[in-house]
Amino acid sequence: MKVIAVLPARYGSSRFPGKPLALINNKPMIQHVYQRVKKVSNLDKVVVATDSKKIYDTVLSFGGEVVMTKDTHESGSDRMAEVSKLIDGDIFLNVQGDEPLIDERLIAEIVEQSKQYNNYVITAKKAIESEEDVENPNVVKVITNQNKEAIYFSRSPIPYNRSDKNITYYKHLGIYCYPKHILQEFVNLPKSQYEEVEMLEQLRLLENGYEMKVLETTYDSIGVDTPEDIKKIENLLEV
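Residues numbered from 1 in each chain as written. Predicted model: local features only at pLDDT ≥ 70, side-chain atom pairs only at ≥ 80, totals over all residues. Heavy atoms only, no water.

Along its length, the protein carries 9 helices and 11 strands. For 239 residues, the compact-globule estimate of 2.2 N^0.38 gives 18 Å, and the C-alpha radius of gyration of the protein, at 17 Å, lies within 12% of that figure. In terms of principal-axis extent, the alpha carbons of the protein reach across some 55 × 40 × 35 Å. Considering the protein as a whole, with its 239 residues, one finds that 50% of them fall into the buried category. Look at the contacts in the protein between residues 6 or more apart in sequence, and 67% of them connect residues 24 or more apart. Carbon together with sulfur atoms contributes 44% to the accessible area of the protein, which is approximately 12,200 Å² in total. If the 30 positive side-chain charges of the protein are averaged to one point and the 37 negative ones to another, these points end up 3 Å apart. (Helix = DSSP H or I, 4+ residues; strand = E, 2+ residues; numbered from the N terminus. Rg over C-alpha atoms; globule rule 2.2 N^0.38 Å. Buried < 20%, exposed > 50% of the residue type's maximum accessible area, 1.4 Å probe, protein only. Contact = heavy atoms within 4.5 Å. Areas by Shrake-Rupley, 256 points an atom, 1.4 Å probe, with all protein chains shown as cover. Lys, Arg positive; Asp, Glu negative; His and termini not counted. Charge placed at Lys NZ, Arg CZ, Asp CG, Glu CD.)

Pasting the structure below:
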């Protein structure tokens, strides 16, 4: 099965315009992400998908592969679906272009799971360690059944703990592996009820009956949302 990793990279951002080109230790962020993903041995191709000539030229300058996509896409999934029509592949992996510390081992494991469960979307979760993150609506929570399938994603703490038991809450990590046919079906579906309420597009899959396997990991994703996050990433890279 041919696996294509796609790194959606949009230039426009309300909080951080030009984010993929932000320098981290004198190297563009998208280059950090691309070079990490390229280390994963069970991928057949890694490609950046962008709507920006600046990002396109930057990726070419460091020897990366890049596809120019439409500037009308509302999400990275839409951009990735366009790539799936241009590049031959069976499985398409969505890696966020703003996670320069992405863990190669997590990517490799998700890809293997996707090959094994080829009618599922594969994603990941990590145990939340702080009460602050449990209550933070920017930290998306996920609950799963005994077969490690997603039941629901929410910005609220789920499940609600009415007992005196200690329970573990899980953070959803925004990495997805799609079989090609599910990806192309997904982006053609209208936005769903709970997707619009929570502002979480993965709920469109669940509301339309698609199954998602959720891999548990100890890796924690650290994304760049604002210019202030750059220094944090540089400090972590020095450790």
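All right, on to the nonpolar core then. Ranked by internal contacts, the top residues of the largest apolar core, which has 32 residues, are Val 37, Leu 43, Leu 93, Ile 107 and Ile 175. Contributions of two or more residues to this core are made by β1 (3-9), α1 (29-38), β4 (45-50), α2 (53-61), β6 (91-94), α4 (104-116), β7 (121-127) and β10 (170-179). (Core = buried A, V, L, I, M, F, W, Y, C linked by side-chain atoms within 4.5 Å.)

With that settled, the discussion passes to the pairing of β10. One face of the sheet, then the other: side chains in a regular strand alternate in exactly this way. Of all 10 residues making up β10, 9 are buried, and the element is well covered by its neighbours. Across 4 bridges, β6 lies against β10 in antiparallel orientation. Directly across from Ile 91, in β10, lies its bridge partner Pro 179. In this structure, β7 lies alongside β10, joined through 5 bridges in antiparallel fashion. By the bridge assignment, Lys 126 is partnered in β10 with Lys 171. (Pairing = 2+ DSSP bridges.)

It is worth spelling out unusual backbone geometry at this point. With omega at 0 degrees, the peptide bond leading from Ile 158 into Pro 159 counts as cis. Summarising the element assignment, Pro 159 is placed in the loop between β9 (150-154) and β10. Positive phi, normally seen in glycine, also occurs at Asn 25, with a value near 50 degrees. With respect to the helices and strands, the residue Asn 25 is situated in the loop between β2 (23-24) and β3 (27-28).

Now for the pattern of salt bridges. Two side chains that carry opposite charge are able to pair once their charged atoms sit near each other. Evaluation of the coordinates by the stated rule reveals 12 salt bridges. Linking Asp 98 and Lys 19 is a salt bridge whose minimum nitrogen-to-oxygen distance equals 3.0 Å. Separated by 79 residues along the polypeptide, Asp 98 in the loop between β6 and α4 and Lys 19 in the loop between β1 and β2 bring together distant segments of the chain. For the pair shown, Asp 98 and Lys 19 are each scored as buried. The salt bridge involving Arg 105 is made with Asp 103; its shortest N-O contact spans 2.7 Å. (Salt bridge = Lys/Arg side-chain N within 4 Å of Asp/Glu carboxyl O.)

This part takes up α2. Looking at α2, one finds that the buried residues are Ile 55, Thr 58 and Val 59. Along the axis of α2, the buried residues cluster in a sector spanning 100 degrees; they form a single face. Opposite its buried face, α2 presents the exposed residues Lys 53 and Ser 61, each directed more than 90 degrees away. Here the buried face of α2 lies against β1, β3, α1, β4 and β5 (66-68). A distance of 3.2 Å separates the backbone nitrogen of Lys 54 from a side-chain oxygen at the start of α2, and that oxygen is part of Ser 52. Positive phi shows up at Gly 63, right after α2, with a value of about 85 degrees. (Arc of directions from axis to C-beta. Polar contact = N/O pair within 3.5 Å; in protein donor to acceptor, adjacent residues only side chain to side chain.)

Before going further, it helps to spend a moment on the packing of aromatic side chains. Overall, the coordinates contain 5 aromatic pairs when judged by the stated rule. For the pair Tyr 178 and Phe 186, a centre-to-centre distance of 6.0 Å together with 20 degrees between the ring planes defines the contact as stacked. For the residue pair Tyr 178 and Phe 186, the accessibility class agrees, reading buried in each case. If you follow Lys 213 out to its NZ or CZ, it ends over the ring of Tyr 120, 5.3 Å from the centre. (Phe/Tyr/Trp six-rings, centres within 6.5 Å; stacked < 30°, edge-to-face > 60°. Lys NZ or Arg CZ within 6 Å of the ring centre and 35° of its normal.)

Moving on: the side chain of Asp 78. Mapping Asp 78 onto the fold places it in helix α3 (residues 76-86). In this structure, Asp 78 is buried with no salt-bridge partner, the nearest side chain bearing the opposite charge being Arg 204 at 5.3 Å. Among the polar contacts listed, one links the side chain of Asp 78 to the side chain of Ser 75, at a separation of 3.0 Å. Excluding its chain neighbours within four sequence positions, the residues that come into contact with Asp 78 are His 73 and Val 187.

Function cannot be inferred from these measures alone, as they are strictly geometric.
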